[in-house]
Structures are given as structure tokens and as C-alpha cells.
Amino acid sequence: MMRHRLLPALLAAGLIGGCGDDTPRTPEQAAHKVVAEAARPVIGTPVPDFTLPSLTGGTPLSQAQLLGKTTLVNFWAPWCPPCVQELPELARVHAALQPKNGQVIGIALAGAEEVQAFLAQHPLPFPILLGDHEGRELARKLGNAHAVLPYSVVIDAEGVIRAVHAGRLDEARARALLEPALRH
């Protein structure tokens, strides 16, 4: 009898099962939790050295050029539906970040021709780098051990990784991830 009265109290307190726990309820939530756990060790560490070419063939971008700005780095591909869905929201985030000394940078994990064809139909206001093999390796170094796309990383103005997000990122969640980094 005592057990039946205790169970609702434990559920309500979130000590077992129920709504108060962090047990994933959908496959997407489960995948996000696995990726977040794998990425946890990179939070609070400096961005590793990298240099990636610009899609336009201009000057390659390196981690040193990120210093001084809060940056959301987004790994994506034109063939990835959640990636394509989040790009308009990331464009709005980029516009909102610019007055706050922030930016969005996309790293496309596809060939130059495929990315250029996509962007001809869907132009973006933020810089796009070509990732190919080096981009995949950078994503792994930034905590994406499971090669999930899309994958986003928030880097503060000092070049320290402050947050990661696996899966589609909407504007509200992107702003919430960026806010603490903007205060550093």
C-alpha cells in the first residue's frame, strides 16, 4: 500500500520516469542526447586549428579569424533536408548577430558545384566554406563524433567553444545558445 502512494510522489518529483526526467521520448531526442554527451568534452576548450577554403575562392578562413566575434558555425549539406530547413532561420540569426559583433558561418560538407548550384537557388547572407574531408574532420574535433547533420557550434569572441547542437536548429534555440557566448 505504501508503495502505491510513494510512486506518484516520485514521478512528480522527477526522481523516476515521468515528465520530470531527461529520458528521450523520440528517436530525434535520443540521437541529440547521444551526440550531446559525446560533445561535452569540447565545451570550454579552444577551437582547434583549421583552415578551410571559401566557396567563392577568396581567402581561406582559419580559426584565428574567428577571434573577436561570437560565431555560430553550422555544418550542413544541400542534400540534408533538416539542414536546408534551418538555413533561413540561420540567415535571420546572422542578421541579428551582426550589430552585436557576431556572425554565422556555414561549412558545407559537399562538393563546390553542388553547393554553388544550391546557393544559386537559395542565396545566404553569411559566409560559406567548403568542408569536404577537412570539414568532416573539423566537425569531429568539435564534438560531432557521430557525423550528425546539421551540427552547430557556438564559439565566443576568445575562440572558446561554448555550446554545440546536433540536429535542426531553429531561430529561438540558436539565440538561446548564443546568448551566454555574447556575454563573455
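Everything below is about the structure printed above this text.
The structure contained in this document is the topic of the report that follows. Since this is a predicted model, take the numbers as computed values, not measurements.

**Observations regarding the nonpolar core**
A general trend in soluble globular proteins is that nonpolar side chains are found buried together.
Right, on to step 1. Core analysis: the largest hydrophobic core is formed by 49 residues, its most contacted members being Leu 72, Phe 75, Trp 76, Ile 107, Val 115, Ile 128 and Val 153.
Right, on to step 2. With 6 residues, the single largest contributor to this core is helix α3 (residues 81-97).
Right, on to step 3. The residues touching Val 153, leaving out its near neighbours within four places in the chain, are Thr 71, Leu 72, Val 73, Phe 75, Leu 142, Ile 161, Ala 163 and Val 164.

**Thoughts on the pairing of strand β4 (residues 102-108)**
The two faces of the sheet receive side chains in turn, since in a regular strand these alternate between them.
Right, on to step 1. With 7 of 7 residues buried, β4 is to be regarded as a mostly interior element.
Right, on to step 2. Residues Gly 102, Val 104, Gly 106 and Ala 108 of β4 are buried on one face, and the alternating residues Gln 103, Ile 105 and Ile 107, pointing to the opposite face, are buried as well.
Right, on to step 3. Strand direction decides the pairing type here: strand β3 (residues 70-76) and β4, joined by 7 bridges, are parallel. What sits directly across from Thr 70, in β4, is Gly 102.
Right, on to step 4. The parallel pair β3 and β4 is bridged by α3, and the resulting crossover is right-handed.
Right, on to step 5. Relative to strand β5 (residues 128-130), β4 is paired through 3 bridges, and the arrangement is parallel.

**Digging into the environment of Val 148**
Right, on to step 1. The topology assignment puts Val 148 in the loop between α5 (132-141) and β6 (151-155).
Right, on to step 2. Judged by relative accessible area, Val 148 falls into the partly exposed class, the value being 22%.
Right, on to step 3. When the C-alpha atoms of Val 148 and Gly 167 are compared, they prove to be 7.0 Å apart, with 19 residues separating the residues in sequence.

Cut-offs applied
Residues numbered from 1 in each chain as written. Predicted model: local features only at pLDDT ≥ 70, side-chain atom pairs only at ≥ 80, totals over all residues. Heavy atoms only, no water. Core = buried A, V, L, I, M, F, W, Y, C linked by side-chain atoms within 4.5 Å. Buried < 20%, exposed > 50% of the residue type's maximum accessible area, 1.4 Å probe, protein only. Helix = DSSP H or I, 4+ residues; strand = E, 2+ residues; numbered from the N terminus. Contact = heavy atoms within 4.5 Å. Pairing = 2+ DSSP bridges. Right-handed = clockwise from strand over helix to strand, strands pointing away.

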